[in-house]
Amino acid sequence: MKTYKFSIFNKNIKALNILLLVCLSIYSCKTDDKKKPEEPIDRYALVTRHNINWNDVNGQIPLGNGEFCFNADGTGLQTFGGSSMSHWAWHSFPLPEGISAEDIPATGTFQQGRNTGLDEFPEDKSELRQWMFDNPHSYNLGRIRLIRTDGNELEEKDIQNIDRTYDLWSGVLTSSFTIDGEQVNVTTSVHPDKDLVSVDVESELLKKGVLQISIDFPYPSINRRLAWVGDFNEHQGNNTILLNDPNESNQADFKREMDDVSYYATINWSSDANIQFDSNKAPNTCQLIADNTNSIKFSCAFSKSALSYNLPDVNETIASSEVYWPSFWKSGGAIDLSESKDPRWQELERRIVLSQYLMAAQSKGSNPPAEVGLMGIDSWRGQFHMEMIWWHLSHYALWDRWDLPQEALNVYERFIPSARALAEQLDYKGLKWQKSVGPEGRTAPWVGNQILIWKQPHPIFFAELDYRLNPNKETLERWAEIIDGTAEHMADYAVRDEETGVYHLEPVMPPSEQGVTKDDIFDLAYWKWGLEHAQIWRERMGLERNPDWEDVLANLEELPVKDGLYLHSKEWEDTYTERNWEHPNTVGVWGMLPPNDTMDYETAHRSLLKVWETWEWKRCWGWDFPWTAMAAARLGEPKMAVDALLIDAGTKNYYDERGVCTGGPCPYLPGNGGLLYAVAMMAAGWDGAPDKHAPGFPDDGSWTVKWEGLHPAP
């Protein structure tokens, strides 16, 4: 009898155990499915199915390590286009005659006193104003081309049968083609840790004395949309000095002097070649010529000071690249869409993979990147925009690669003195962050510099991203002075109406830059979010909430609404009719920004639907589409979120063969960075997201989203 009871007891226990395991399994799936898929993603397959195969002789593929970028055309070199760019390479033209350094305002503006509208420029300062806009500018370190040994340049028609592939996993570009019916093979790779490119050129045309390598050093120029950055015919103020005897070591060390800027270039080659340099005949050009061989292997390095290391050869550079890039792809986040039924999965996945590469290759250096990255020069002379830093660098936090942008983010600490000086000149407190700057922190003059204010809260957002990943004392102390000065200026910028006690943001130019207004919706929401999180930061540090900030928080003007829809501003009631182009500010408040207690879900949802219905998408910019996708995901419209990322808006939402967003006046990396932030949100979720897998994607069976290594957005 006891045995029988024990048997039943065992069966009951076994049943209970099975039930418990099932419940635990269900709970585990429910809680873990937001973190990672059951099976690890095959990252090699994911990445390499999007290798860049581009056989356009003029198409430039950026090969970079984050600080340095060698842009290679169809020949694997820079025969028809492509520049060698770096985040440390900056130059300024000599000052115009009659103007001295003392005449240049250190802040970049002639304005005095608090903002009343657009910047005004003294008529007698127009020449100086133009100089300040043009300087400093990024410059081309040098170009490396194939040319004929008779001195004639190759023509596009000379290049036939191109087959070019950039292998994302190894970081190696291989190009093969024919010239005069003879095969030419070129292998190109950029070193992951040095500002150096290594090249292997193989062809019987080298041995026959038909082809040679030319290395040219230009004088800086600010001309845009040219095949190469720089003026290769200007030799005044442009000097190249050979520092050694290259015949003794198969290495040529050059010092470059351009006005008051200098840098160094070193070329090392295989023993079966020699270099020719005649400073009298061609003062800024040298040729690398094969010596009875069909192969030239060489490395070319650039540096701010004379090199202190031996140049790695081609094999060493490739070996380093073949270690670095697989390590990059195996780390951080990944999204695999290959099991989706929606036929657009491959294009979206291609954009995601290539955007990761492009940002890693160009936007993790010593300075934040320009909108064009390291692919040339743009209308802002290669300077970086402080309002665009968010679009370039914030995605790294969600993709678990937060270590990559840290040097660039140090710009906030570096710019504290210049930001404080700008605020003091304009009679404000705290730190007023600049608009378009080079590494010295002087803002380039532009009419909207001081009132395009949505750049102001960005460092608070970056600090929050940092703290979510590293909630420790070091993080608090790193950002404390920056946040305090940022919030102090934000509170002081708000103008109090003495009759009502309401604070207004006036004057202000919204992100859409459609003019000057008052209390635009995005800046109001960002001010509210930023000041509140500045207070939270103080509390984390054991400090009391700042009463001045609290007063502004409690009395800041409400978000503008009419007929149940958010508006750009109360003054701009034509938001969805005449102003339905450029950046849709009304979606940013519940997309890029997490919602707060001043926002209404239904109003935000109706506004999103209205934007989707009425907006002129072909008059937008590359980051407007991920901006809209973020709002659509948060507001329960996952199908719209995907559609926003892939909508046909002509060149504004086009990603070319190398994955570069073209949604601006130049190759436009803010679109790539915004895409990465949006898809990470859509896959991993956000604070308050629905408790389900990939909450920003449709769950109707059309999309199968496998992801791992991502962090939810705020």
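Scroll up to find the structure.
Residues numbered from 1 in each chain as written. Predicted model: local features only at pLDDT ≥ 70, side-chain atom pairs only at ≥ 80, totals over all residues. Heavy atoms only, no water.

So, the overall build of the chain
If you tally the helices and strands in the chain, you get 20 helices and 26 strands. For 714 residues, the compact-globule formula gives about 27 Å, and the C-alpha radius of gyration of the chain, at 28 Å, lands near that figure. Taken over the C-alpha atoms alone, the chain extends approximately 90 × 90 × 50 Å along its principal axes. In the chain, 69% of the contacts between residues at least 6 apart in sequence involve partners at least 24 apart. (Helix = DSSP H or I, 4+ residues; strand = E, 2+ residues; numbered from the N terminus. Rg over C-alpha atoms; globule rule 2.2 N^0.38 Å. Contact = heavy atoms within 4.5 Å.)

Concerning a nonpolar patch on the surface
On the surface, Leu118, Val447 and Val516 cluster together into a nonpolar patch covering about 190 Å² of accessible area. Along the chain, Val516 falls in the loop between β23 (503–504) and α14 (521–540). (Patch = residues over 30% accessible without salt bridge, like charges linked within 9 Å, V, L, I, M, F, W, Y side chains within 5 Å. Areas by Shrake-Rupley, 256 points an atom, 1.4 Å probe, with all protein chains shown as cover. Salt bridge = Lys/Arg side-chain N within 4 Å of Asp/Glu carboxyl O.)

Regarding the packing of helix α17 (residues 601–614) against helix α19 (residues 638–646)
Direction vectors running N to C along α17 and α19 enclose 35°, while the axes themselves pass 12 Å from each other. Crossing geometry of α17 relative to α19 is assigned as left-handed. In this structure, α17 uses Leu608, Leu609 and Trp612 to contact α19, whose residues at the interface are Met640, Asp643 and Ala644. (Axes fitted to C-alpha atoms, helices over the stretch in contact; angles between N-to-C directions. Left-handed = near helix turned anticlockwise from the far one by under 90°.)

Thoughts on the pattern of salt bridges
Any two side chains of opposite charge can pair, on the condition that their charged atoms come close. Throughout the structure, instances matching the rule amount to 39 salt bridges. Among the salt bridges present, the one from Asp216 reaches Arg143, with a minimum N-O distance of 2.8 Å. Taken together, the residues Asp216 in strand β12 (residues 211–216) and Arg143 in strand β7 (residues 143–148) connect sequence positions 73 residues apart. Here the two residues Asp216 and Arg143 agree in accessibility, since each one is buried. A salt bridge links Lys639 to Asp643; the nearest nitrogen and oxygen atoms lie 2.9 Å apart. With a gap of four residues between them, Lys639 and Asp643 both fall in helix α19, about one helical turn apart. On the basis of relative accessibility, which here comes to 54%, the residue Lys639 falls in the exposed class. Three or more residues are tied together by salt bridges with common partners; here these are Arg148, Glu155, Lys157, Asp158 and Asp180. (Buried < 20%, exposed > 50% of the residue type's maximum accessible area, 1.4 Å probe, protein only.)

As for empty space enclosed by the protein
Empty space left among the atoms is revealed by rolling a probe the size of a water molecule over them. Following the criterion strictly, the structure yields five cavities of 30 Å³ or more and no others. When its volume is computed, the largest cavity comes out at roughly 100 Å³. Lining the largest cavity are 14 residues, and of these His87, Ser138, Gly373, Leu374 and Gly382 sit closest to its centre. When grouped by side-chain class, the residues that make up the lining of the largest cavity number eight nonpolar, six polar and no charged. (1 Å grid on protein atoms, 1.4 Å probe; cavity = no way out; pocket = protein on both sides within 12 Å on 5 of 7 lines; lining within 4 Å. Points joined across faces, edges and corners; volume = space filled by probe spheres on them. Nonpolar A, V, L, I, M, F, W, Y, C, P; charged D, E, K, R; others polar.)

Details of the layout of surface pockets
There is about 440 Å³ of room inside the largest pocket. Surrounding the largest pocket, 24 residues form its lining, Gln60, Arg225, Leu226, Met375 and Pro667 being those nearest its centre. Split into classes, the residues belonging to the lining of the largest pocket amount to twelve nonpolar, nine polar and three charged. Lining the second largest pocket are 17 residues, with Gln212, Lys281, Ala282, Thr285 and Gln287 positioned closest to its centre. Those elements that provide at least two residues to the lining of the second largest pocket are β7, β12, β16 (273–277) and β17 (285–290). Residue classes in the lining of the second largest pocket are distributed as four nonpolar, seven polar and six charged.

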